[in-house]
Amino acid sequence: EVQLLESGGGLVQPAGSLRLSCAASGFTFSSYAMSWVRQAPGKGLEWVSVKSGSGDTTYYADSVKGRFTISRDNSKNTLYLQMNSLRAEDTALYYCAKASSVGATIAVAFDVWGQGTMVTVSS
Amino acid sequence: QSALTQPASVSGSPGQSITISCTGTSSDVGDYNYVSWYQQHPAKAPKLMIYEVTNRPPGVSNRFSGSKSGNTASLTISGLQADDEADYYCSSYTSSITLVFGGGTKLTVL
């Protein structure tokens, strides 16, 4: 069964840092671009970042550029999101999502989503 | 990158058809056939319903169909069922090599 399991969320103070992880199973992880997508409480979806399957291509939303870093360890089938200089507006449920097309450099559609991990930025 | 524009809500009765619009610009929806649609039930993760404007993933009912004209994409659900009641989001690839989502549409089945 194809599965994504996020972890690492929690309560953090403004300007603080947090590292999210997404453990993948059931598919050839290195063959797929992976993304983080977030959803603030009661709000819509917001794309955050993407990492190609090989790990050599990365893109970020303007709202997180310079503060967040996406990475992956294909030997561990795990995607990460290092979040620094956190702000109240970063409070959201963070989803890990798998690209629907094998071999694509970036993900334009997501066919598998995790259950999400909640990040709350508050003093 | 501004969010794509969707109606906040739509409604229909069981058996009817509804259409949800998703309006972008010539830098996203209008220039790429990379529009996707997601269904999200309360407290659940999104589910891919349509990708590349018109394609349905395996297992998605053929009651769901997608189309595009100019800068506006549309999702049509025919033969509405109670379980179709959910939030629906469109997304598009953009010229900035990013992805943008719509604000979401709440579908109510009367």
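What comes next is a walk through the structure. The structure displayed is predicted, hence computed values, not measured ones.

1. As for the state of the cysteines
For the structure on display, the rule yields 2 disulfides over all chains. Across the disulfide from C22(A) sits C96(A); the S-S distance is 2.0 Å. Handedness here is read from the sign of the S-S torsion; for C22(A) and C96(A), about -70 degrees, the answer is left-handed. Taken together, the residues span a long stretch of sequence, with C22(A) in strand β3 (residues 18-25) and C96(A) in strand β9 (residues 92-99) at a distance of 74 residues. Sulfur-sulfur distance for the disulfide between C22(B) and C90(B) comes to 2.0 Å. On the S-S bond that ties C22(B) to C90(B), the torsion sits near 80 degrees, and the link is right-handed. In this pair, C22(B) is assigned in strand β2 (residues 18-23) and C90(B) in strand β7 (residues 86-93), connecting sequence segments 68 residues apart. Summarising the burial analysis for this pair, C22(B) and C90(B) share the class buried.

2. Details of the packing of aromatic side chains
Within this structure, the stated rule accounts for 9 aromatic pairs over all chains. Arranged with centres 5.7 Å apart and planes meeting at 80 degrees, the rings of F27(A) and Y32(A) form a pair that is edge-to-face. What makes F27(A) buried here is its relative accessible area of 15%. When the centroid spacing of 6.0 Å and the interplanar angle of 85 degrees are considered together, the rings of Y34(B) and Y93(B) count as edge-to-face. Note that Y34(B) is positioned in the loop between β2 and β3 (35-40) and Y93(B) in strand β7, a separation of 59 residues in sequence. The class for Y34(B) is partly exposed, based on a relative accessible area of 33%. Using a relative accessible area of 13% as the deciding quantity, one classes Y93(B) as buried.

What counts as what
- Residues numbered from 1 in each chain as written.
- Chains lettered and ligands numbered in written order.
- Predicted model: local features only at pLDDT ≥ 70, side-chain atom pairs only at ≥ 80, totals over all residues.
- Heavy atoms only, no water.
- Disulfide = S-S within 2.5 Å.
- Helix = DSSP H or I, 4+ residues; strand = E, 2+ residues; numbered from the N terminus.
- Buried < 20%, exposed > 50% of the residue type's maximum accessible area, 1.4 Å probe, protein only.
- Phe/Tyr/Trp six-rings, centres within 6.5 Å; stacked < 30°, edge-to-face > 60°.

Distances and angles like these do not, on their own, reveal function.
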